[in-house]
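# What the coordinates show
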Amino acid sequence: MIYIFFLLFILGTCLGSFISCVAYRYKLGISIIYPRSFCDNCSQTLQHWQLIPIIGFILQKGKCHFCKQKIPLSSTVIELAIGVIFIFNTIIIANTNLIFTSLLVVWLTLISLEDYYTLSVDSITLEYGGLILLIFRFHTVITNLKANFLIIILFIIILISCNLLNKFGTADTILIVFSFLLLGFYNTLVVILLSCILGIISYLIKRDFSASHPLFHI
Ligand SMILES: [Zn+2]
């Protein structure tokens, strides 16, 4: 069992590294394929050993191998967090939901990072990611729709109306609709409540009431 945990941790750290890279490249407006990973400060192309999740950061002692500029800790924290979450997922979640919950964590973290960096979300990340998860949870989606069809439709109409009146972001609207379908009506209300609480805490810590902030603080 310890080998499975180890492999899941490695998989989690690799996916954490990948989504950190995707979100950062989205912020810079460059392709996720080209150019190869490089140092922000000296633009040197990174070697393979420097890209190993967590270990690359430790081997370089938190500084660029070439120019000695400090490497931000954020990417390593995300790699570690996704690795640990994958292990907890395996312990807590039943096997049938393991792939779904793991993909959900990766998808929401990527959306959060893109939103945090740019206050926008790439439509490919949001829509294609959501559609893949809908396929994984097809039966649950049908059950959720059958159980709360009218109230979900009513909420979707309210969300779209708010979006058309520019009171609510398009990405937030689409994400909540996906959440209704994937997690069900009541779980989505809990998610929205938690997001609002975390958003308020974030406002209070930053004490910056003028700037825009991402809605979902996952
Ligand atoms: Zn450098």
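The present account deals with the structure reproduced in this document.

Calculation rules
Each chain has its residues counted from 1, following the order in which its sequence is written. Under the rules for a predicted model, residues below a pLDDT of 70 receive no local features and side-chain atom pairs below 80 are neither given nor counted, while totals for whole chains, interfaces and linings still include all residues. Only buried residues count toward a nonpolar core: Ala, Val, Leu, Ile, Met, Phe, Trp, Tyr and Cys, linked into one set through C-beta atoms within 7 Å. For every residue, the other C-beta atoms within 10 Å of its own C-beta are counted; 20 or more classify it as buried, 12 or fewer as exposed, and values in between as partly exposed. C-beta atoms are placed from the backbone. Put simply, DSSP H or I for four residues or longer makes a helix, DSSP E for two residues or longer makes a strand, and each gets a number counted from the N terminus. Bear in mind that the domain bounds are from an automatic or database domain assignment. Once C-beta atoms have been placed from the backbone, residue pairs whose C-beta atoms lie within 7 Å are recorded as contacts.

### Things to note about the nonpolar core
Ile-19, Ala-23, Ile-82, Leu-110, Ile-111, Leu-126 and Leu-175 are the most contacted members of the largest nonpolar core, which totals 23 residues. At the level of secondary structure, the elements contributing two or more residues to this core comprise helix H1 (2-28), helix H3 (74-92), helix H4 (95-118) and helix H7 (170-183). In terms of residues, this core owes the most to one element, H7, which gives 7 residues. If you count residues domain by domain, this core takes at least three from each of domain 1 (1-136) and domain 2 (137-218). Among residues more than four places away in sequence, those in contact with Ile-111 are Val-121, Thr-125, Leu-126 and Leu-175.

### Some words on the environment of Trp-49
Secondary-structure assignment places Trp-49 in the loop between H1 and helix H2 (55-59). Along the backbone, Trp-49 and Leu-59 are 10 residues apart, and their C-alpha atoms lie at a distance of 8.7 Å. Aside from chain neighbours lying at most four places away, what touches Trp-49 is Gly-56 and Leu-59.

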